[in-house]
Amino acid sequence: MARAENKETAGPATRLVADVARRMRIKKKLTQEQLGKELGFSGAAVSAMETCAQPASDEMLVALERVLGEGMGVFEQAREYVRLDKYPELFKDFALPEQKALTLSSYETLVINGLFQTEEYARDLIGGGYPPLSEQRVNELVEARMVRKAIFDRDPIALIELILEESVLTRSVGSKEVMRRQLAHLTECAKRRNVTLQVLPLNRGLRGEHAGLRGGLTLLETPEHDHLVYMELQDESLLITDPAKVSAYAQRYAKIRAQALGPDESLGLIERLAGD
């Protein structure tokens, strides 16, 4: 459901799309109901988009390009920026670098990495957090997270690594069926040629050394071959660009990777858990 407070908090791309769509609609002498019919949406949905009460979904932007775009690609280009408007503040600085990354290497200790989440896992995770979010906001965040998956099939191809603390695989989010399907999805991701997935065993500390005890992190290489580190804690995030600090985190990540199970052994563990 559209919310009035969204009009005050809408991001710049959302506002620009709303203004351009309204002007193009008027130019074509269409009512909101008429435009909605051509788009495959209700007139109320068009009104909500134009007033920024509800940002245009990816699906609506595709339809707007088809009906109002006039071959200029304005709404198609806007998809990336409207998506950024929908992300939480803590993630916005990392969203664009992630989309364009040559390599992504992540270590996760609490939940499945967002790129690897199924829609239902993401919905239960986001919807079950605190403070509670409106249904509309949950839908926006889930949609934005699912669109991020385009990096798996992007050209040029991105190389993606994920190391999961074993406890992540047994920490229930949603129902048992949601978790079973999430684990099955992980096994499919692991079989991609551009993906490496490893598991850091729970008993790693028994060997007297555990490089991952300070929490999760993501390493990223940009198209310009710069290297970044991104971390989240509670509702805060940190994007590190200083080469010396990035190098130190990269060394720690390399140690975590060396202490994890190999890709084949990790896949076998996930497959066994998915079958339980």
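Everything discussed here concerns the structure shown above.
Rules used throughout
Residues numbered from 1 in each chain as written. Predicted model: local features only at pLDDT ≥ 70, side-chain atom pairs only at ≥ 80, totals over all residues. Heavy atoms only, no water. Helix = DSSP H or I, 4+ residues; strand = E, 2+ residues; numbered from the N terminus. Buried < 20%, exposed > 50% of the residue type's maximum accessible area, 1.4 Å probe, protein only. Contact = heavy atoms within 4.5 Å. Areas by Shrake-Rupley, 256 points an atom, 1.4 Å probe, with all protein chains shown as cover. Lys, Arg positive; Asp, Glu negative; His and termini not counted. Charge placed at Lys NZ, Arg CZ, Asp CG, Glu CD. Pairing = 2+ DSSP bridges. Axes fitted to C-alpha atoms, helices over the stretch in contact; angles between N-to-C directions. Phe/Tyr/Trp six-rings, centres within 6.5 Å; stacked < 30°, edge-to-face > 60°. Expected span 1.5 Å × (residues − 1).

## Comments concerning the overall build of the protein
Looking only at helices and strands, one finds 13 helices and six strands in the protein. Reported as C-alpha extents along the three principal axes, the dimensions of the protein are approximately 70 × 40 × 35 Å. Classification of the 276 residues of the protein by burial places 46% in the buried group. Partitioning the contacts of the protein with sequence separation of at least 6, the portion at a separation of at least 24 is 70%. Looking at the protein as shown, the accessible area adds up to about 14,700 Å², and 52% of this sits on carbon and sulfur atoms. For the protein, the distance from the average site of its 37 positive side-chain charges to the average site of its 42 negative ones is 1 Å.

## Considering the sheet that holds strand β5 (residues 227–233)
Strand order in this open sheet of six strands is β3-β2-β1-β4-β5-β6, and the pairing throughout is mixed. The open sheet terminates on both sides in strands that have one partner only, identified here as β3 (195–200) and β6 (236–240). Neighbouring strand axes in the sheet, compared pairwise and without regard to direction, differ in orientation by 10° on average.

## Concerning the packing of aromatic side chains
A ring pair, where both rings are aromatic, is described by two values, the distance of the centres and the angle of the planes. In this structure the tally under the stated criterion is five aromatic pairs. Taking the centre distance of 5.1 Å and the plane angle of 70° together, the rings of Tyr87 and Phe91 count as edge-to-face. Of the two residues examined, Tyr87 and Phe91, each falls in the buried class. Where Phe91 meets Tyr230, the ring centres are 6.1 Å apart and the plane angle is 80°; that geometry is what we call edge-to-face. Here Phe91, found in helix α7 (residues 89–100), pairs with Tyr230, found in strand β5; they are 139 residues apart in sequence, far enough to count as distant. An aromatic cluster is built from Tyr87, Phe91, Phe94 and Tyr230, whose rings are joined through pairwise contacts.

## Looking at helix α13 (residues 263–275)
Between its first and last C-alpha atoms α13 spans 18 Å; for 13 residues at 1.5 Å apiece the expected length is 18 Å, and the two agree. Where α13 is concerned, the buried positions are Ser266, Leu267, Gly268, Leu269, Ile270 and Ala274.

Function-wise, these values are silent; they only describe arrangement.
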